[in-house]
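Chain residues, written in single-letter form:
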Amino acid sequence: MIDQRHLRVALLGAGSVGSQVASLLLQHGDELADRAGATLELVGIAVRDVDAPRDVDLPVELLTTDAEALILGADIVIELMGGIEPARGYLLEAINSGADVVTANKALLATHGPVIFDAADQVGAQVYYEASVAGAIPIIRPLRDSLAGDRVQRIMGIVNGTTNFILDKMDAEHLTLEAALAEATALGYAEADPTADIGGYDAAQKAAILAGLAFHTTVPLEAVHREGITEIDKSMIDAARKAGYVVKLLAVCERLLEAGEEAISVRVYPALVDRKHPLASVHGANNAVFVQAEAAGDLMFYGAGAGGIQTASAVLGDVVSAARRHVAGGVGVAESTRANLPILPIGHVSTRYQITLEVADQTGVLATIAGILSDGGVSVATVEQTTAAGVDGAPTARLVIGTHTAREQDLSDTVDHLAASDVVTRVASVLRVEGSN
Ligand code: NAP
């Protein structure tokens, strides 16, 4: 019998994800050892408070508040504390002491990824982060390895389960945003402070990570255009349904041509998705990432975007990969950022739009609006009109205008002109249409 390598694994954090990782490592140690080609010894678990209640029972002798001591001498360090510091410092210490690291920390990677990847590159260590985007769904490895020989053109991802749950409830059960958010909070999908989710911040961090991998370019978080779902109301969801769409918070990462040169766009916003598009059938708190690659065509990755045990699956996959690399020897593979494509501001992006206007119900209005749109270079594809009694009982028409593909800057200037026009009472909403351009 060949002697197996023995690898020391340090775990930082035993919360929702960490406690499940520890439990699975302890339960399935023998099986994981067979897959990894090395025994994996969980040498300790760093926490803030060793007496805090845990989701699962863990051996108390493994718990410690001394993360630094744990890191020294570990072959693999798993960081599941979250936040920027001290997670960043601990990861750098682990890398510099020769360990491979596994993390699910999207906030850290989206803001300090280059520092961590450079440090790993310097010493030949490897950083694994499958769980940082879309929880249990394998998407980092497919982008990094499986599609490394292809050219990704576009990614559209539902990468935030909380907002998908809220928008899905609003669509299916006609709830207001507030009522759907309250339900998400009661079920534990939303944090007490839901800003990171409903403001689109969490999705923007994931978009930066996905775009970086897909386009071999460092994508700073500041370069990601971000809009959340806070402005989405029941009337927009109802209008979307009537027009055959569903509203989804999308992370869109796209390869574009700007003056004949390749560039990319990375953006997060609520968008209208055709109800026949595969992303429209992503319900509840699930996530999905739709990838369009030059040779592979359309691919969709779907599943649980969060959850302790689900996310632990992705973390353990990384642990096995790290163990295999240790057994095989050699240096880690550096992150590929060589393409270094320019990142375009939102104004340069082209897509289709749906503009909803409240206008005075009188003759000539439609012609005036058509003139403003045409002057702005925005071509109209569809117009739907309904009439209702408006303020003071004066009849008001509601116009829902679908446009052909237009440049965001032209559209935004045109909407300003519409808002300033005498015939427009209110610009009720402007939503992008994605997935059917
Ligand atoms: P969590 O439940 O808040 O757990 C954090 C753990 O880290 C706790 O055990 C805490 O110790 C420990 N910790 C925090 N600061 C520490 C410090 N300074 N020193 C030592 N220990 C410290 O977090 P989580 O939900 O498991 O998330 C962990 C990571 O996974 C985050 O980066 C998150 O974004 C990512 N992630 C989570 C999910 C999910 O479904 N939860 C999905 C995908 C990715 P105490 O227990 O003593 O307080």
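Residues numbered from 1 in each chain as written. Predicted model: local features only at pLDDT ≥ 70, side-chain atom pairs only at ≥ 80, totals over all residues. Heavy atoms only, no water.

## Some points on the domain arrangement of the protein chain
Using the following cut-off: Segmentation of the chain into domains, including their bounds, is taken from an automatic or database domain assignment. Whether two residues touch is decided by their heavy atoms; if any such pair falls within 4.5 Å, the residues are in contact. Each of two parts loses accessible area, computed with a 1.4 Å probe, when they are put together; buried area is these two losses added. Any carboxyl oxygen of Asp or Glu within 4 Å of a side-chain nitrogen of Lys or Arg constitutes a salt bridge here. We call two N or O atoms a polar contact when they sit within 3.5 Å, provided that within protein one can donate a hydrogen and the other can accept it, with sequence-adjacent residues counted only if both atoms are side-chain atoms.
Along its sequence, the protein chain is organised into domain 1 (5–135 + 309–328), domain 2 (140–304) and domain 3 (349–434). Centre-to-centre, using C-alpha coordinates, domain 1 lies 28 Å away from domain 2. Between domain 1 and domain 2, the residue contacts involve 19 residues of the former and 16 residues of the latter. Taken together, the two surfaces of domain 1 and domain 2 that pack against each other cover about 1400 Å², and 61% of this comes from carbon and sulfur. In this assembly, domain 1 and domain 2 are joined by three salt bridges. Inspection of the domain 1/domain 2 interface yields four residue pairs in polar contact (both at pLDDT 80 or more).

## Some points on the sheet that holds strand β2 (residues 38–46)
Heads up, the condition is: Here, a strand pair is defined by DSSP locating no fewer than two bridges between the strands. Secondary structure elements are taken from DSSP: a helix is a run of H or I of four residues or more, a strand is a run of E of two residues or more, and numbering for both begins at the N terminus. The axes are straight lines fitted to the C-alpha atoms, using for helices just the contacting stretch, and the angles between their N-to-C directions are given from 0 to 180°.
Read from one edge to the other, the open sheet built from six strands follows the order β3-β2-β1-β4-β5-β6, with strand pairing classed as parallel. Of all the strands in the sheet, the pair left with one neighbour each is β3 (63–64) and β6 (127–128). Relative to β3, β2 runs parallel, the two sharing two bridges. Each bridged residue has a counterpart across the sheet, and for A46 the counterpart in β3 is T64. Across the sheet, helix α1 (residues 16–27) touches β1 (5–12), β2 and β4 (76–79), and the angle it forms with β2 is around 145 degrees.

## Describing the environment of A322
The topology assignment puts A322 in helix α12 (residues 308–328). Residues contacting A322, with those up to four places away along its chain left out, are I76, D100 and Y128.

## Side note on the layout of surface pockets
Definition in use: Lining residues are defined by having an atom within 4 Å of a point belonging to a cavity or pocket. Those points lie on a 1 Å grid over the protein atoms alone, cavities being sets where a 1.4 Å probe fits but cannot get out and pockets being open sets with protein on both sides within 12 Å along at least five of seven lines. Grid points are joined across faces, edges and corners, and a volume is the space filled by probe spheres set on the points.
Each pocket or cavity is described by its volume, and for the second largest pocket that value is around 410 Å³. For the second largest pocket, the lining is made up of 23 residues, of which G113, P114, F117, T218 and T337 are closest to its centre. A per-element tally of the lining of the second largest pocket places helix α5 (residues 106–123) first, with eight residues. The residue makeup of the lining of the second largest pocket includes at least three contributed by each of domain 1 (5–135 + 309–328) and domain 2 (140–304).

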